[in-house]
Amino acid sequence: MSANDRPPGQPKKTYDSAFLKACRREPVSHTPVWFMRQAGRSLPEYLKVREGIPMLESCMRPELVTEITLQPVRRHKVDAAIYFSDIVVPLKAIGIDLDIEPGVGPVVAEPIRTRADLARLRDLTPEDVWYVTEAMGMLTEELGSTPLIGFAGAPFTLASYLVEGGPSRNHEHTKALMYGDPQLWADLLDRLAEITSAFLKVQIEAGASAVQLFDSWVGALAPADYRRSVMPASTKVFDAVASYGVPRIHFGVGTGELLGLMGEAGADVVGVDWRVPLDEAARRVGPGKALQGNLDPAVLFSTREAVETRTREVLDAAAGLEGHVFNLGHGVLPTTDPDALTRLVEYVHERTAK
Ligand SMILES: Cc1c2[nH]c(c1CCC(=O)O)Cc1[nH]c(c(CCC(=O)O)c1C)Cc1[nH]c(c(CCC(=O)O)c1C)Cc1[nH]c(c(C)c1CCC(=O)O)C2
């Protein structure tokens, strides 16, 4: 099946949404908008329902996940919902001892650095993530024609947390393994590709109408290393879900030099951070792909006028694209004024209405 045929189980009203049309590079009634991290600490209603519940535990409660995922759709009228979870959830689900520490991020009790450690990365089954299937079932009912985006961490970014044991500025242990033991590295990424593929399949079968593969930290690599040591695993993930025919989005931060390769890895839509204008990004990615992005999330802390000026610049740079999904260049920052986000959605919709 090609990405242009309606996948079985996908309702027509969702299939015909502006978001999915833009991903498929079809004409749209307006430029669709959603935000990475649209569900989260910028919303007072999020802080309220999360009170006293640790992050990972909240990801395993289907009713809570459903409520949190819907919050930004109700408030901002965004064109797509992103499933509320975290990239480390499938690793937790296969028994890796890890936690998400507030203000820090994922922390892994025993890092994975040797061949013996690989045995801890067992296959993921749908039963391991039963709460995802349950929450997505409720969500697709509630969302009606608004598409639900599923997601996973890409093999490199997951490996970075597992090998470092937590967030890292320089990824030195990860790179040491990649440069120093290419075979162990390839086997680690291949294992993660299998887990990630299984996790995305669960989400698509539960009703996700698009998936985003977050390779947030891969911008730390040179293109030659990306091609040799990362791309095969990311391609394996994209290939594993290709037959479903749902758009596959690929995003990373600081990936200006990698945009072409990230498209080549198998994405239908390439996410761009704020460092490369979208017209230049389109030249780097080449034809046959839509782009997603790319307002600097920090612009939302500026004046209303500056937000509008910068948004017009993004839309102008996107004018010649085959398909454009408006987003920020990275996630919503936790102290962003939610009203600024609501106004931004309205502004993009008004400016691009046909
Ligand atoms: C690198 C990465 C992680 N998690 C994720 C990525 C890739 C996206 C990116 O590049 O930002 C993915 C993610 N994590 C979360 C979402 C929710 C869905 C959405 O976008 O609305 C998504 C898509 C919720 C979350 N994931 C996390 C929070 C904050 C925890 C909380 O609210 O208590 C949320 C809402 C925790 C987390 N988890 C991670 C980090 C760096 C943090 C922040 C740590 C902190 O500053 O407290 C790892």
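Values in this document were obtained by computation on a predicted structure and should not be read as measured data.

Let's shift gears to the overall build of the protein. Across its full length, the protein holds 17 helices and nine strands. Here the C-alpha radius of gyration of the protein, 19 Å, is about what a compact globule of 354 residues would show, namely 20 Å. Oriented by its inertia axes, the alpha-carbon framework of the protein measures out at about 55 × 45 × 45 Å. Expressed as a percentage of its 354 residues, the buried residues of the protein come to 50%. For the protein, restricting intrachain contacts to residue pairs at least 6 apart in sequence, the fraction spanning at least 24 positions comes to 73%.

Moving on, we come to the environment of Asp 225. Turning to its location among the elements, Asp 225 is positioned in helix H12 (residues 223-229). Asp 225 sits in the partly exposed class, given 17 other C-beta atoms within 10 Å.

Glancing now at the environment of Glu 57. Locating Glu 57 in the fold gives a position in helix H4 (residues 55-59). Residues Glu 57 and Thr 352, spaced 295 residues apart in sequence, show a C-alpha to C-alpha distance of 40 Å.

Looking at the ligand, there are 21 residues lining it, with Ala 39, Gly 40, Gly 105, Phe 214 and Ser 216 nearest. Residue composition of the shell around the ligand, grouped by class: twelve nonpolar, six polar and three charged.

As annotated in UniProt, the feature "domain: Uroporphyrinogen decarboxylase (URO-D)" (unreviewed entry) corresponds to residues 32-41 and 149-165 in the numbering used here. Regarding residues 32-41, the helix share stands at 0% and the strand share at 0%, and the terminal C-alpha atoms are separated by 23 Å. Structurally, residues 149-165 comprises 59% helix and 29% strand, and the distance from its first C-alpha atom to its last is 28 Å.

Turning our attention to the nonpolar core. Counting residues in hydrophobic clusters, the biggest one holds 113 residues, and the most contacted among them are Ile 149, Ala 208, Val 211, Val 218 and Leu 291. The contact partners of Val 211, leaving out residues within four places of it in the chain, are Ile 149, Gly 150, Phe 151, Leu 200, Gln 203, Ile 204, Val 241, Val 246, Arg 248 and Ile 249.

What follows concerns the pairing of strand E3 (residues 105-108). The pairing of strand E2 (residues 98-101) with E3 spans four bridges and is antiparallel. Each bridged residue has a counterpart across the sheet, and for Ile 100 the counterpart in E3 is Pro 106. The antiparallel hairpin formed by E2 and E3 contains three residues in its connecting segment, where Gly 103 sits at a positive phi of about 75 degrees.

Ordered in space as E1-E4-E5-E6-E7-E8-E9, the seven strands form an open sheet in which the pairing is parallel. Taken across any chain shown, the strands that pair with only one partner, and hence form the sheet edges, are strand E1 (81-82) and strand E9 (324-328). Both strand E8 (residues 290-295) and E9 contribute to a ladder of five bridges, which runs parallel. Each bridged residue has a counterpart across the sheet, and for Gly 293 the counterpart in E9 is Phe 326. Running at roughly 170 degrees to strand E4 (residues 148-153), helix H11 (residues 182-205) makes contact with E4 and strand E5 (210-214) of the sheet.

Chain-level pLDDT for the protein is 97 on average; 99% of the residues reach the 70-or-more range. If you check the scores for this complex, the pTM reads 0.97 and the ipTM reads 0.92.

Attention shifts here to helix H15 (residues 278-285). Of all the positions in H15, only Leu 278, Ala 281, Ala 282 and Val 285 are classed as buried. Summarising the axial view, the buried residues of H15 lie within an arc of 105 degrees, below the 170-degree limit, and thus occupy one face. For H15, the secondary structure elements touched by its buried residues are helix H14 (259-264), strand E7 (269-271), E8 and helix H16 (304-318).

Right, let's talk about the UniProt feature "site: Transition state stabilizer" (unreviewed entry) in the protein for a bit. The UniProt feature table records "site: Transition state stabilizer" (unreviewed entry) at Asp 86. Residue Asp 86 is classed as partly exposed on the basis of its C-beta count, with 17 C-beta atoms lying within 10 Å. Setting aside residues up to four positions removed in sequence, Asp 86 forms contacts with Met 55, Cys 59 and Ile 100.

Right, let's get into the packing of helix H9 (residues 155-164) against H11. The geometry of H9 relative to H11 is characterised by a closest axis approach of 9 Å and an angle of 115 degrees between their N-to-C directions. When the axes of H9 and H11 are compared, the pair comes out roughly perpendicular. For the pair H9 and H11, the sense of crossing is right-handed. Contact with H9, carried on its side by Pro 155, Leu 158 and Ala 159, involves Leu 188, Leu 189, Leu 192, Ala 193 and Thr 196 of H11 and no other residues of that element.

Attention now goes to unusual backbone geometry. Here the residue pair Gly 293 and Asn 294 is connected by a cis peptide bond, since its omega of -10 degrees sits within 30 degrees of zero. Unusually for a residue other than glycine, Arg 25 sits at a positive phi of about 65 degrees. Inspection of the secondary structure puts Arg 25 in the loop between helix H2 (18-23) and helix H3 (44-50). With phi around 55 degrees, Lys 77 is a residue other than glycine that occupies positive phi space. When you line up the elements, Lys 77 lands in the loop between helix H5 (62-76) and E1. Accessibility expressed as a C-beta count within 10 Å gives 13 for Lys 77, which makes it partly exposed.

Analysis parameters
Residues numbered from 1 in each chain as written. Predicted model: local features only at pLDDT ≥ 70, side-chain atom pairs only at ≥ 80, totals over all residues. Helix = DSSP H or I, 4+ residues; strand = E, 2+ residues; numbered from the N terminus. Rg over C-alpha atoms; globule rule 2.2 N^0.38 Å. Buried ≥ 20, exposed ≤ 12 C-beta atoms within 10 Å, placed from the backbone. Contact = placed C-beta atoms within 7 Å. Near = placed C-beta within 6 Å. Nonpolar A, V, L, I, M, F, W, Y, C, P; charged D, E, K, R; others polar. UniProt positions renumbered as here; feature names shortened; annotations may be inferred. Core = buried A, V, L, I, M, F, W, Y, C linked by C-beta atoms within 7 Å. Pairing = 2+ DSSP bridges. Axes fitted to C-alpha atoms, helices over the stretch in contact; angles between N-to-C directions. pLDDT = per-residue confidence, 0-100. Arc of directions from axis to C-beta. Parallel < 35°, antiparallel > 145°, perpendicular 65-115°, else oblique. Left-handed = near helix turned anticlockwise from the far one by under 90°.

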